[in-house]
Amino acid sequence: MKKRILTGDTPSGKLHIGHYVGTLENRVQLQHEYETFILLANVHAYAQSFKTAEKINDLVYQVFLDNLAVGIDPEISTIYLESGIPETYELYSFFLTMVTLARAQRNPAIKDEIQYKKLDPSMGFLAYPILQAADILQFQTSLVPVGEDQLPMIEQTREIARDFNAAYGETFTVPEAKVGRVARLVGTDGKMKMSKSGNNSILLSEDEKTLKQKVMGMYTDPKRIHPTDPGKVEGNPVFAYHDAFNPNKAEVEDLKKRYLAGKVSDVEVKESLFLTLNEFLAPIREKRKYYEDRPKLAKEILVNGTQKARKVVQETLEKFREKVGINKLIK
Ligand code: TRP
């Protein structure tokens, strides 16, 4: 039997090229090797902050299209809606009893967000990683391809699996995380991380004109005024993107050399980056449009995927109930 992958995204809008190198690319490549489940984490979206279902559903749909667009093949992988598997809540509520409040508050991702956003966190917010553990463990997942920011979540998931197995006997597979080839892609403004809210992202669904505007407006080396000034390559986001996306390594090396020597303009480096990214995005846009134009097919994929995923989860849940002995009195 193939080992399993489970991963997904909390919908915060359309996905960007940072998501691609951080996790999407791994999903697409590994779907041939692993039985792959992609979750649209709509329940997690409620735990983050109050939003209407209408808003969340719209965001979820964009993330769904992005996954298909980059090459998740619905013939071999399963995409499902988190709320379509009510068994997840059963596992989640049991896991809640296994995690102390202190441990929940210590999760660095949770802790940072509370501090940064000055939150008065709900129970659901603190338990966000515990819901994530239920998502993962219910599939007997071996591998979780994720962006670097998710590592504390996977660590907590592993802990829950180990604690459960120690208490009730071998039940859950303890999963590993896998981060993509660029753990953290810098933003177009040179800030640490590309993010939708930071207004420094390039979307996978970007049209050619917007892409060009964004690339030509990118932050480079602020000290460089003339093309004849020697420039900095390190920490320069234009070169970070060339490294991440330009398949022509010789061209990248040549541009870097000339940039360091003051022998190429910012405009030329950016124009070549635009061409690179445009070529990279062209087939993604096309596939997105294919599914956008076929809403019935897209819905079928999601409905069938959710049904199929639920069946797999139900098997794990039977095992879980047996191990705990929770329903013995009514069997
Ligand atoms: N927390 C993840 C994010 O913010 C989404 C997510 C929910 C997830 N459940 C998961 C990721 C399970 C991997 C595995 O994008």
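See the structure shown above.
Keep in mind it's a predicted model, so treat the numbers as computed, not measured.

Enquirer: Is there a simple way to think about the overall build of the protein chain in this case?
Expert: A tally of regular secondary structure across the protein chain gives 14 helices and five strands. A globule of 331 residues ought to have a C-alpha radius of gyration of about 20 Å, and the protein chain, at 22 Å, matches this closely. Along the longest, intermediate and shortest principal axes, the C-alpha atoms of the protein chain span 80 × 45 × 40 Å. For the protein chain, the proportion of its 331 residues judged to be buried stands at 51%. Nonlocal contacts in the protein chain, meaning residues at least 24 apart in sequence, comprise 76% of its contacts between residues at least 6 apart. Total accessible area on the protein chain is roughly 16600 Å²; 54% of this is exposed by carbon and sulfur atoms. Across the protein chain, the 47 positively charged side chains and the 45 negatively charged ones have centroids separated by 1 Å.

Enquirer: Explanation requested: the packing of helix α10 (residues 208–216) against helix α13 (residues 266–292) in the structure shown.
Expert: A packed helix pair is summarised by two numbers, namely the angle formed by the two axes and the spacing between the axes. Between α10 and α13, the shortest axis-to-axis distance is 9 Å and the interhelical angle comes to 145°. With respect to the hand of their crossing, α10 and α13 are arranged in right-handed fashion. Of α13, the residues touching α10 (which contributes E208, L211, K212, V215 and M216) are V267, K270, E271, L273, F274, L277, N278, L281 and R285. The residue inventory of the contact of α10 with α13, partitioned by class, reads eight nonpolar, one polar and five charged.

Enquirer: Would you mind showing me how to read the packing of helix α8 (residues 128–137) against helix α9 (residues 151–168) here?
Expert: Running from N to C, α8 and α9 cross one another at 65°; their axes reach a closest spacing of 9 Å. By the angle between their axes, α8 is roughly perpendicular relative to α9. Relative to α9, the crossing made by α8 is right-handed. Along its contact with α8, which presents Y128, P129, I130, Q132, A133, I136 and L137, the element α9 presents M153, I154, Q156, T157, I160 and A161. For the contact of α8 with α9, a count of residues per class yields ten nonpolar, three polar and no charged.

Enquirer: Could you clarify how one ought to interpret the site of the ligand in this entry?
Expert: T10, Y128, Q132, D135 and Q150 are the nearest of the 15 residues found near the ligand. Y128 places a polar side-chain atom, nitrogen or oxygen, 3.0 Å from a nitrogen atom of the ligand. Measuring from a nitrogen atom of the ligand, one finds a side-chain N or O atom of D135 at 2.8 Å. Its free accessible area being 360 Å², the ligand has 92% of it covered by the protein chains. Among the secondary structure elements, those contributing two or more residues to the shell around the ligand are β1 (4–9), α8 and β4 (143–146). When grouped by side-chain class, the residues that make up the shell around the ligand number seven nonpolar, six polar and two charged.

Enquirer: What is the right way to read the pattern of salt bridges from this model?
Expert: Where side chains of opposite charge bring their charged atoms close, a pairing between them can arise. Tallied over the entire structure, the rule returns 24 salt bridges. Across the pair R181 and E25 runs a salt bridge whose closest N-O atoms are separated by 2.7 Å. Taken as a pair, R181 in the loop between β5 (176–179) and α10 and E25 in helix α1 (residues 17–30) lie far apart in primary sequence, 156 residues in all. The class of R181 is partly exposed, set by a relative accessible area of 48%.

Enquirer: Any chance you could explain the nonpolar core here in plain terms?
Expert: Across soluble globular proteins, nonpolar side chains have a tendency to be buried as a group. Core analysis: the biggest nonpolar cluster contains 48 residues, and I17, L185, L204, Y241, F245 and L277 have the highest contact counts within it. Residue contacts for L277: discarding those within four places in its chain leaves I17, I202, L211, V215, Y241 and F245. Counting 33 residues, the second largest nonpolar core, distinct from the first, contains Y80, A127, I160 and A309.

Enquirer: For this particular structure, what's the right way to read the environment of I202?
Expert: Among the secondary structure elements, I202 is positioned in the loop between β5 and α10. Judged by its relative accessible area of 0%, I202 is buried. Distance from I202 to Q29, taken between C-alpha atoms, is 22 Å for residues 173 residues apart in sequence. If near-sequence neighbours (up to four positions away) are discounted, I202 is found in contact with H16, I17, T188, M194, L211, K214, V215, Y241 and L277.

Enquirer: For this particular structure, what's the right way to read the pairing of strand β2 (residues 35–40)?
Expert: Regular strands show a simple pattern: their side chains alternate between the two faces of the sheet. In terms of burial, β2 is a largely internal element, five of the six residues being buried. As paired strands, β1 and β2 are joined by six bridges and run parallel to one another. Looking at β2, one finds that G8 is bridged to L39. Two strands pair when backbone bridges link them, and β2 and strand β3 (residues 78–81) are joined in this way by four bridges, in the parallel orientation. Bridging from a neighbouring strand, I38 pairs with I79 of β3.

Enquirer: How should I be thinking about the packing of aromatic side chains in this particular structure?
Expert: What describes a pair of aromatic rings is the distance from one ring centre to the other and the angle between the planes of the rings. The final tally for this structure, using the stated rule, is 15 aromatic pairs. Where F245 meets F280, the ring centres are 4.9 Å apart and the plane angle is 50°; that geometry is what we call tilted. Separated by 35 residues along the polypeptide, F245 in helix α11 (residues 237–245) and F280 in helix α13 bring together distant segments of the chain. Judged on exposure class, the residue F245 and its partner F280 are both buried. One aromatic cluster is present, built from ring pairs that chain together F94, F95, F164, Y168, F172 and F320. The lysine or arginine in question, R224, covers the ring of Y259, its NZ or CZ lying 4.1 Å from the ring centre.

How each quantity is defined
Position labels on residues start from 1 in each chain and follow its written sequence. This being a predicted model, a pLDDT of at least 70 is required before a residue's local features are given, and a value of 80 or more before pairs of side-chain atoms are given or counted; all residues contribute to the totals for chains, interfaces and linings. As a convention, hydrogens and water are excluded, and side-chain values are obtained from all of the structure's heavy atoms. Only DSSP runs of H or I with at least four residues qualify as helices, and only runs of E with at least two residues qualify as strands; both kinds are numbered from the N terminus onward. For a compact globule the rule gives 2.2 Å times the number of residues to the power 0.38, and the radius of gyration it is set against comes from C-alpha atoms. Relative accessible area decides the class of each residue, using a 1.4 Å probe on protein chains only: under 20% of the type maximum gives buried, over 50% gives exposed, and in between gives partly exposed. Should any heavy atoms of two residues lie within 4.5 Å, those residues are considered in contact. The Shrake-Rupley method, run with a 1.4 Å probe, gives the accessible areas here. Residue values count only the displayed protein chains as cover. A residue counts as positive if it is Lys or Arg and as negative if it is Asp or Glu; His and the chain ends are not included. Each charge is placed at NZ for Lys, CZ for Arg, CG for Asp and CD for Glu. Axis definition: a line fitted to C-alpha atoms, over the contacting stretch in the case of helices. Angles run 0 to 180 degrees between N-to-C directions. Each crossing is labelled by how the near helix is turned from the far one, with a counterclockwise turn of less than a right angle marking it left-handed and a clockwise turn marking it right-handed. Gly counts as polar in this scheme, as do all residues outside two lists: the nonpolar Ala, Val, Leu, Ile, Met, Phe, Trp, Tyr, Cys and Pro, and the charged Asp, Glu, Lys and Arg. Reported orientations rely on four angle classes, namely roughly parallel under 35 degrees, roughly antiparallel over 145, roughly perpendicular from 65 to 115, and oblique for the rest. We call a residue near a given molecule or strand whenever any one of its heavy atoms falls within 4 Å of it. Any N or O atom pair separated by 3.5 Å or less is treated as a polar contact, with the protein-specific requirement of one donor-capable and one acceptor-capable atom, and with residues adjacent in sequence counted only for side-chain atom pairs. A pairing counts as a salt bridge when a side-chain nitrogen of Lys or Arg comes within 4 Å of a carboxyl oxygen of Asp or Glu. Nonpolar cores are built from buried Ala, Val, Leu, Ile, Met, Phe, Trp, Tyr and Cys residues. Side-chain atoms within 4.5 Å join them into one set. Two strands qualify as a pair provided that DSSP identifies no fewer than 2 bridges between them. Side-chain rings of Phe, Tyr and Trp (the six-membered ring for Trp) are treated as a pair once their centres are within 6.5 Å; stacked means planes under 30 degrees apart, edge-to-face means over 60, and tilted covers the remaining angles. Each ring is checked for a lysine NZ or an arginine CZ that lies within 6 Å of its centre and within 35 degrees of its normal; such an atom marks a charge sitting over the ring.

These results come straight from atomic positions and should not be treated as a statement about function.
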